[in-house]
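# Structure assessment
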Amino acid sequence: MNVTVEQLAKGVLLVVEGQVDMHTSPELRGRLREALERKSSPIVVDLTKVAFIDSSGLATLIEGLQAVGKFGGKLRLCGLAPAVRNLFKLSNLISIFDIRETREDATK
Amino acid sequence: MARPVDFVFDATLASDPRFLLFVRALAGEGASAAGFSDDERARIELAVVEGFTNVIRHAYHDRHDQPIALRLRAPEGLFSLEIEDRARFADPTKFASRPLDQIRPGGLGVHLMKTTMDVVDYRKNEFGGTTLTLTKRRPGGPS
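Below you will find a few notes about this structure. Every value quoted in this text rests on a predicted model; they were computed, and no experiment measured them.

This brings us to the overall build of chain A. The helix and strand inventory of chain A stands at four helices and five strands. Mapped in sequence order, the helices and strands of chain A form the string β-β-α-β-α-β-α-β-α. Taking 13 Å as the expected radius of gyration for a compact globule of 108 residues, we find that chain A reaches 12 Å, a close match to that expectation. Judged by the C-alpha coordinates and their principal axes, chain A covers about 30 × 25 × 25 Å. Burial statistics for chain A: of 108 residues in total, 44% are counted as buried. For chain A, contacts bridging at least 24 residues in sequence account for 71% of all contacts bridging at least 6.

Here we come to the interface of chain B and chain A. Contact with chain B, which involves 21 residues of that partner, is made by 18 residues of chain A. At the level of elements, α1 (20–33), α2 (38–59) and α3 (109–116) of chain B are the ones that each hand at least two residues to the side of chain B that touches chain A. With seven residues, α2 of chain B is the largest single contributor of residues to the side of chain B that touches chain A. Here the side of chain B that touches chain A is composed, by residue class, of twelve nonpolar, four polar and five charged.

Here we take up the pairing of strand β3 (residues 43–53) of chain A. Residues and elements named next belong to chain A. Of all eleven residues that make up β3, eight are buried, and the element is covered over most of its length. Here eight bridges tie strand β2 (residues 12–20) to β3, and the two strands are oriented parallel to one another. Paired with Val12 across the two strands is Ile43, which belongs to β3. On the question of chirality, the crossover connecting β2 to the parallel β3 by way of helix α1 (residues 25–37) is right-handed.

What follows covers α1 of chain B. For an α-helix, the turn length of 3.6 residues means that residues three or four places apart are oriented alike. Compared with the 20 Å implied by 1.5 Å per residue over 14 residues, the 20 Å span of α1 of chain B between its first and last C-alpha is a close match. Buried positions along α1 of chain B lie against β2 and β3 of chain A together with β1 (7–14), α2, β2 (67–74) and β3 (78–85) of chain B. Immediately downstream of α1 of chain B, the backbone of Gly35 of chain B shows phi near 100°, a positive value.

Residues and elements named next belong to chain A. Spatially, the five strands line up as an open sheet ordered β1-β2-β3-β4-β5, and their pairing is mixed. Edge positions in the sheet fall to β1 (2–7) and β5 (98–100), since each has one partner strand and no second. For this sheet the average axis-to-axis angle between neighbouring strands, irrespective of direction, equals 25°.

All names here are of chain A. At their nearest, the axes of α1 and helix α2 (residues 55–70) sit 9 Å apart, and the two run at 10° to each other. Of the possible angle classes, the one that applies to α1 and α2 is roughly parallel. On α2, the residues that touch Ser25, Leu28, Arg29, Leu32 and Leu36 of α1 are Ser56, Gly57, Thr60, Glu63, Gly64, Ala67 and Val68.

What follows concerns the packing of α1 of chain B against α2 of chain B. All names here are of chain B. The N-to-C vectors of α1 and α2 enclose an angle of 145°; their axes lie 8 Å apart at closest approach. Note on packing geometry: the crossing formed by α1 with α2 is right-handed. Taking contact as the criterion, the partners of Leu20, Val23, Arg24, Ala27, Gly28, Ala31 and Ser32 in α1 are, on α2, Glu40, Arg41, Ile44, Glu45, Val48, Val49, Phe52 and Thr53. For the contact of α1 with α2, the residue count by class is eight nonpolar, three polar and four charged.

To continue, consider unusual backbone geometry. Residues Ser41 of chain A and Pro42 of chain A are joined by a peptide bond in cis, for which omega reads 0°. Mapped onto the elements of the fold, Pro42 of chain A is located in the loop between α1 and β3. Not every positive phi belongs to a glycine, and Asp62 of chain B is a case in point at roughly 65°.

Conventions adopted
- Throughout, residues of each chain are indexed from 1 in the direction in which the sequence is written.
- Chains and ligands are labelled by the order in which they are written, letters from A for the one and numbers from 1 for the other.
- Two thresholds apply to this predicted model, a pLDDT of at least 70 for residue-level local features and 80 or more for giving and counting side-chain atom pairs, whereas whole-chain, interface and lining totals are computed over all residues.
- A run of DSSP states H or I qualifies as a helix once it reaches four residues; a run of E qualifies as a strand once it reaches two. Both are numbered from the N-terminal end.
- Radius of gyration: over C-alpha atoms. The globule rule applied is 2.2 Å multiplied by the number of residues raised to the 0.38 power.
- Every C-beta atom is placed from the backbone, and the number of other C-beta atoms within 10 Å of a residue's own sets its class: buried at 20 or more, exposed at 12 or fewer, partly exposed in between.
- By definition, residues are in contact whenever their C-beta atoms, placed on the basis of the backbone, come within 7 Å of each other.
- Residue classes follow a fixed rule: Ala, Val, Leu, Ile, Met, Phe, Trp, Tyr, Cys and Pro count as nonpolar, while Asp, Glu, Lys and Arg count as charged, and any other residue, Gly among them, counts as polar.
- By definition, two strands form a pair when at least two bridges between them are found by DSSP.
- A crossover counts as right-handed when, viewed with the strands pointing away from the observer, the path leading from the first strand over the helix to the second turns clockwise.
- What a helix is expected to span follows from its residue count: subtract one and scale by 1.5 Å.
- Helix axes use the C-alpha atoms of the stretch in contact, all axes being lines fitted to C-alpha atoms, and the angles between their N-to-C directions lie in the range 0 to 180 degrees.
- With respect to orientation, any angle under 35 degrees is reported as roughly parallel, any angle over 145 as roughly antiparallel, any angle of 65 to 115 as roughly perpendicular, and every other angle as oblique.
- Two helices that cross are described as forming a left-handed crossing if the nearer one is turned anticlockwise from the farther one by less than a right angle, and a right-handed crossing if clockwise.

Function-wise, these values are silent; they only describe arrangement.
Have a look at this one:
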């Protein structure tokens, strides 16, 4: 898995690529933590190139969502593949996250 | 689409999270060979990764050098994955999935396995550990 960080005029973009699981989610957690420490908002996580995410990855995103809420920031997800979107539905999280179709929409 | 095939596959891996990519690929290829759609394949991949992860995390307490046997079986009508550890038997009655209306990290793995597979079974094995069997009916098989 690889996470590319791009500073936006407002907020930060994390582009995730690969499989997010128990082995790789600590790297995503680290990138999220860096953005949270800077109180970046919105934090946009682009999952377009993520074909698979498991409950470890979901837990990482939930942690990010809860942490960003503590300083009144926003966390947005975009580019969910059908299997990834289905995981959010199975976990009853689809309405908890701010999920946008495209990166352009998420970074507005 | 290729004609579904019946098969048996056995492997033993270390309890290392780096193998999750391989485990997912193996289960996914097996699911496709057994005739499952891409959507069902993704669900099976999720179940096996959750099962393997639970063994590393909860049975072996994040030790990465312990054996995990993985067995795929696709006899006529069924598809099953066995994940066998040699830790202490995990009593399934003590597994607590968190209520889905509680939004907090963790506690989703068992729920996801039960949601994506037809049968999730835990049994004590000959090594004193746990054998988790994930089973799904194959498309077009007997109901």
